[in-house]
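In case you want the letters, here they are:
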Amino acid sequence: MNTGSPEPEADGSAAPDGNAGLPMPRRFYAIAAISFGLSLLVIDGQIANVALPTLSRELGIAEGAITSVVTIYQLVMVMGLLPLASLGDRIGHRKLYQIGQLVFCVASALCFFVDSFATLLIVRAIQAFGASMAMAVNVALVRAIYPEKSLGAGLGFNSIVVASSAALAPTLGGYIIANFPWQSVFYVAAPLAVISLLLGRALPDPQPREGKTDWTGGLWSALTMALLIGGLQLASHESMRTVGIATIIAGGVSAWLLVRRESKRDRPIVPVDLLKMPVIGLSALAAVAVFLSAGALMISLPFRLEQGMGYSPDQVGLLLLPFPLTLLFVSPTAGWLSDRVAASKLGVPGLIVAIIGLVLLAILPNDAGPWNIAWRLSITAMGFGFFLAPNSRLAIGNAPMSRSAAAGGILSTSRLLGQATAAAVVGLLLGLGLGLGPVPFYVSIGFAILAAACTMFRFNTVTAAQARQSEANVPL
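Along each chain, residue indices are assigned from 1 in the same order as the chain's sequence is written. Owing to the predicted nature of the model, reporting of local features is limited to residues with pLDDT of at least 70; listing and counting of side-chain atom pairs is limited to 80 or more, with chain, interface and lining totals taken over all residues. By convention in this description, side-chain values take in all heavy atoms of the structure and omit both hydrogens and water.

**Some thoughts on helix α6 (residues 117–145)**
And step 1. The end-to-end C-alpha separation of α6 is 41 Å, in line with the 42 Å expected for 29 residues at 1.5 Å each.
And step 2. At Asn 138, α6 shows its maximal kink, close to 40°.
And step 3. For each residue, the accessible area found with a 1.4 Å probe, counting protein chains only, is set against the maximum for its type, and the residue is called buried under 20%, exposed over 50%, and partly exposed in between. A run of H or I in DSSP becomes a helix once it reaches four residues, and a run of E becomes a strand once it reaches two; helices and strands are each numbered from the N terminus. Within α6, 21 of the 29 residues are buried, which leaves the element mostly enclosed by the surrounding structure. In this analysis, the expected span of each helix is defined as 1.5 Å times one less than the number of residues it contains. Bend at a residue means the angle formed by two fitted axes: the first through the 7 residues ending at that position, the second through the 7 residues beginning there.

Below you can see the structure in the form of structure tokens.
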């Protein structure tokens, strides 16, 4: 069965609907609108990482607690993605995307007045809510912009935007922290939202669908994510560890009950119908593991470089640059190849390379110079790059067009769930006094191994299912 992907479907379900994409030149303007909006989300989501040690000093907040600046942003985003993706189906993807950018701009203006840790967390939560609206429908818009045969290349170009923005974020953040008030870090990306809004008329026209919005399911989904990620964050504080563990358990029970409820619905808020397909469900699980692995690396590394190795904040921003720069060059190649080569055949070797890079970082000596840090980060990023675009292409390409927003919500939730969990884990390690040594790298290695195992299991599962389907269709 042709799914638009070289890796077969898992369960013999119908192939996704055909899609011709937007006509020229509208497609170029739409790509530009999405690119500026995506740059906004990436820069704003990552620029705070390099500022954490400085924020800890300026605000008088403990190292383990200051990671809440990252966690609250990612928590609000991950809480909103699935219910907002469903809302986007109801009111139209373009409309929700642009409302989200407006909310973000308003919240960015409020950053001028932030003068305390509590106020900062509130404003970051508002920013994250606007970003979640845009992120919830981003992949669905990308799929509508590009023809089905070029989806991998389109996702590869998206990865270029992500990588270049991620390359800019730590350098820009380090420069701002060293030369301007720390509040500047949290509104520097707002002009990108304005540009995206001006180009937004070129995006695919809104196509609202009839039906009632399941507010109960949406709120339940958001609450479940809050319990899971919030519990992890609470557990990172020694005085709240018991409460945190209890909260995580409550989140797990809530998730189990929610999945039971959603499995009985035709268009569930939590897309269990898609997650039941091994090709999508295992891709999502592997993505969570990879983003947890990469997130633990990129959140813990500034602490080790600045406090363990003596580098300044602006130097740390430059030292982190090889990771996104390598992704900038690897991602388009991986995206192009994903239209032609099975995702698992790209992803597993890529993850092996990433694990090698993480091992080399774990044994990095404390007196290592910039070059020794740079080439290790580049090896790690190269490995992750050959996993990410093919994995996304496989999951999105196997979802029906009518469920593109839900499939995109799954991938975005996987990314943010992994990153938010990574921030909480690093906070816990810092609180235990283990964050400045090799332990965070060992955590990254473990989750990269898990991602490789999921990817290999997915390939074996879908291949076996395809073989069974072929045998069943052979005439006697």
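**Let's talk about the nonpolar core**
And step 1. Put simply, buried Ala, Val, Leu, Ile, Met, Phe, Trp, Tyr and Cys residues joined by side-chain atoms within 4.5 Å make one nonpolar core. Judged by nonpolar contacts, the single largest core of 94 residues is most densely connected at Leu 55, Ile 66, Val 69, Ile 145, Trp 182 and Phe 186.
And step 2. When residues of this core are assigned to their parent elements, the largest contribution, 15 residues, is made by α6.
And step 3. In this structure, Ala 289, Leu 297, Ile 355 and Leu 361 belong to the second largest nonpolar core, which totals 35 residues.

**A closer look at the packing of aromatic side chains**
And step 1. Here a pair means two rings of Phe, Tyr or Trp (six-membered ring of Trp) with centres within 6.5 Å. Their orientation is stacked below 30 degrees between planes, edge-to-face above 60, and tilted elsewhere. Following the criterion strictly, the structure yields 2 aromatic pairs and no others.
And step 2. Ring geometry for Phe 323 versus Phe 384: centroids 6.3 Å apart, planes at 55°, classification tilted. With Phe 323 in helix α14 (residues 322–338) and Phe 384 in helix α16 (residues 370–397), this pair connects stretches of sequence that are 61 residues apart. Pair check on accessibility: Phe 323 and Phe 384 agree, each one buried.

**A word on the confidence of the model for the chain**
And step 1. The predicted model of the chain has a mean per-residue pLDDT of 80, with 91% of residues at 70 or higher.
And step 2. For every residue, the predictor states its confidence as a pLDDT score lying anywhere from 0 to 100. Mean pLDDT across the elements of the chain ranges from a minimum in helix α3 (residues 63–66), with 71, to a maximum in helix α15 (residues 343–362), with 89.
And step 3. The criterion used for residue contact is that any of the two residues' heavy atoms lie within 4.5 Å. Throughout residues 1–17 the model reports pLDDT below 50, and contacts reaching past four residues in sequence, or to other chains, amount to 55 contacts.

**So, the pattern of salt bridges**
And step 1. Take a side-chain nitrogen of Lys or Arg and a carboxyl oxygen of Asp or Glu: if they are within 4 Å of each other, that pair is a salt bridge. Here the structure, examined in full by the defined rule, presents 3 salt bridges.
And step 2. Two residues, Asp 44 and Arg 124, come together in a salt bridge whose shortest N-O distance is 3.1 Å. Separated by 80 residues along the polypeptide, Asp 44 in helix α1 (residues 26–46) and Arg 124 in helix α6 bring together distant segments of the chain.
And step 3. Take Asp 44: its relative accessible area is 1%, and that puts it in the buried class.

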